[in-house]
Amino acid sequence: MTVKSEHGAIAGASRIVVMGVSGSGKSTVGQALAAALGMPFIDGDDLHPASNVVKMRSGIPLEDEDRWAWLDEVGRALDSRPAAVVACSALARRYRDRIRVIAPDVIFVHLDGPRAILESRLNARRNHFMPAALLNSQLAILEPLELDEAGIVADIDSEPDELVRQILGKIRP
Ligand SMILES: Nc1ncnc2c1ncn2[C@@H]1O[C@H](COP(=O)(O)OP(=O)(O)OP(=O)(O)O)[C@@H](O)[C@H]1O
Ligand SMILES: O=C(O)[C@H](O)[C@@H](O)[C@H](O)[C@H](O)CO
């Protein structure tokens with residue numbers, strides 16, 4: 001169960017999704033956050049069916065129909081463990097709702113920031129299936145967390161370690 005502690009931090013955060021568009025740092029920050037919390041880290045990129053990876057690699061944005069089974073995998077990755085950090089874009093409310101059906105106590109950490117930073121990080125990144133050209137479609141789908149969704153927002157314009165520090169000031173297991 002999640003409750004706000006007396007300091008306003010979200011307590012009971014043991015199943016965490018680090019969300020945001022491509023290039024926001026989900027894998028980088030998610031891994032560091034999991035290490036700091038002593039929790040396993042699972043990269044949602046590794047849970048995609050091969051057909052999704054082929055599509056993204058070819059520069060074709062995924063459709064909702066491509067995402068449902070993947071989001072179910074994300075939900076199961078969380079629900080089958082007592083604690084975990086999963087990197088998953090979870091761009092739209094309906095995608096987060098899908099994850100919550102399986103893992104109701106999930107907390108979302110939205111890595112948010114301006115297009116210019118996202119673009120420069122994606123253009124500098126090597127050896128990843130996701131092309132920078134898909135950033136526009138990702139930003140078009142993005143729906144920020146709503147007030148009734150358990151989660152926090154972190155601004156990506158800091159070093160990963162600093163982001164982890166900020167996140168740990170707002171959530172605690
Ligand atoms: N806070 C940060 N400061 C500087 N560089 C960062 C930061 N976060 C991530 N990066 C770098 O930006 C690039 C994108 O980060 P990362 O791959 O973690 O993003 P992602 O959200 O997981 O992307 P995707 O959804 O496409 O898998 C990487 O090269 C990473 O090293
Ligand atoms: O929902 C989506 O459009 C995609 O699944 C992407 O967001 C990828 O999972 C990933 O973030 C790219 O590496």
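Residues numbered from 1 in each chain as written. Chains lettered and ligands numbered in written order. Predicted model: local features only at pLDDT ≥ 70, side-chain atom pairs only at ≥ 80, totals over all residues. Heavy atoms only, no water.

Engineer: Help me out: how do you make sense of the packing of aromatic side chains in this one?
Structural biologist: What describes a pair of aromatic rings is the distance from one ring centre to the other and the angle between the planes of the rings. Enumeration over the complete set of coordinates arrives at 1 aromatic pair. Ring geometry for Trp-68 and Tyr-95: centres 5.8 Å apart, planes at 75°, overall edge-to-face. You can see Trp-68 sitting in helix 3 (residues 64–79) and its partner Tyr-95 sitting in helix 4 (residues 93–102), a full 27 residues away along the chain. Neither Trp-68 nor Tyr-95 differs from the other in exposure class; each is buried. (Phe/Tyr/Trp six-rings, centres within 6.5 Å; stacked < 30°, edge-to-face > 60°. Helix = DSSP H or I, 4+ residues; strand = E, 2+ residues; numbered from the N terminus. Buried < 20%, exposed > 50% of the residue type's maximum accessible area, 1.4 Å probe, protein only.)

Engineer: Before we go on, may I ask you to explain the site of ligand 1 in this structure?
Structural biologist: Neighbouring residues of ligand 1: 18 residues in total, closest Ser-22, Lys-26, Thr-28, Arg-125 and Ser-158. Contact between ligand 1 and Ser-27: an oxygen atom at 2.9 Å from a side-chain N or O atom of the residue. Between a nitrogen atom of ligand 1 and a side-chain N or O atom of Arg-121, the distance comes to 3.2 Å. Relative to its free-state accessible area of 640 Å², ligand 1 is covered by the protein chains to the extent of 81%. Taken together, the residues of the shell around ligand 1 break down into 5 nonpolar, 8 polar and 5 charged. (Near = heavy atom within 4 Å. Polar contact = N/O pair within 3.5 Å; in protein donor to acceptor, adjacent residues only side chain to side chain. Areas by Shrake-Rupley, 256 points an atom, 1.4 Å probe, with all protein chains shown as cover. Nonpolar A, V, L, I, M, F, W, Y, C, P; charged D, E, K, R; others polar.)

Engineer: Please explain the environment of Arg-96 as it appears in this structure.
Structural biologist: Here Arg-96 is to be found in helix 4. By relative accessible area, Arg-96 is classed as buried at 0%. Distance in space between the C-alpha atoms of Arg-96 and Leu-145 is 9.2 Å, their sequence separation being 49 residues.

Engineer: Where do I start with the pattern of salt bridges in this structure?
Structural biologist: If the charged atoms of two oppositely charged side chains come close together, the side chains can form a pair. Under the criterion given, the structure shown has 15 salt bridges. Between Arg-76 and Glu-73 there is a salt bridge; the shortest N-O distance is 3.0 Å. Taken together, the residues Arg-76 and Glu-73, both in helix 3 and 3 residues apart, mark about one turn of the helix. (Salt bridge = Lys/Arg side-chain N within 4 Å of Asp/Glu carboxyl O.)

Engineer: Would you mind showing me how to read the site of ligand 2 here?
Structural biologist: By nearness alone, every residue bordering ligand 2 is listed as Lys-26, Asp-45, His-48, Met-56, Leu-62, Arg-67, Trp-70, Ser-89, His-128, Phe-129, Met-130 and Gln-138. Here an oxygen atom of ligand 2 sits 3.0 Å away from a polar atom, N or O, in the side chain of Ser-89. Gln-138 places a polar side-chain atom, nitrogen or oxygen, 2.6 Å from an oxygen atom of ligand 2. Across the complex, the protein chains shield 97% of the 330 Å² of accessible surface that ligand 2 would expose by itself. Of the residues contributing to the shell around ligand 2, the split by class is 5 nonpolar, 4 polar and 3 charged.

Engineer: Help me understand the pairing of strand 3 (residues 15–19) in this model?
Structural biologist: The side chains of a regular strand alternate between the sheet's two faces. Within strand 3, 5 of the 5 residues are buried, leaving the element largely enclosed by the surrounding structure. Residue alternation in strand 3 divides its side chains into two sets, Arg-15, Val-17 and Met-19 and Ile-16 and Val-18, and both sets are buried. Judged from the 4 bridges that link them, strand 3 and strand 6 (residues 107–112) form a sheet pairing that is parallel. Residue pairing for strand 6: Ile-16 is matched across the bridge by Ile-107. (Pairing = 2+ DSSP bridges.)

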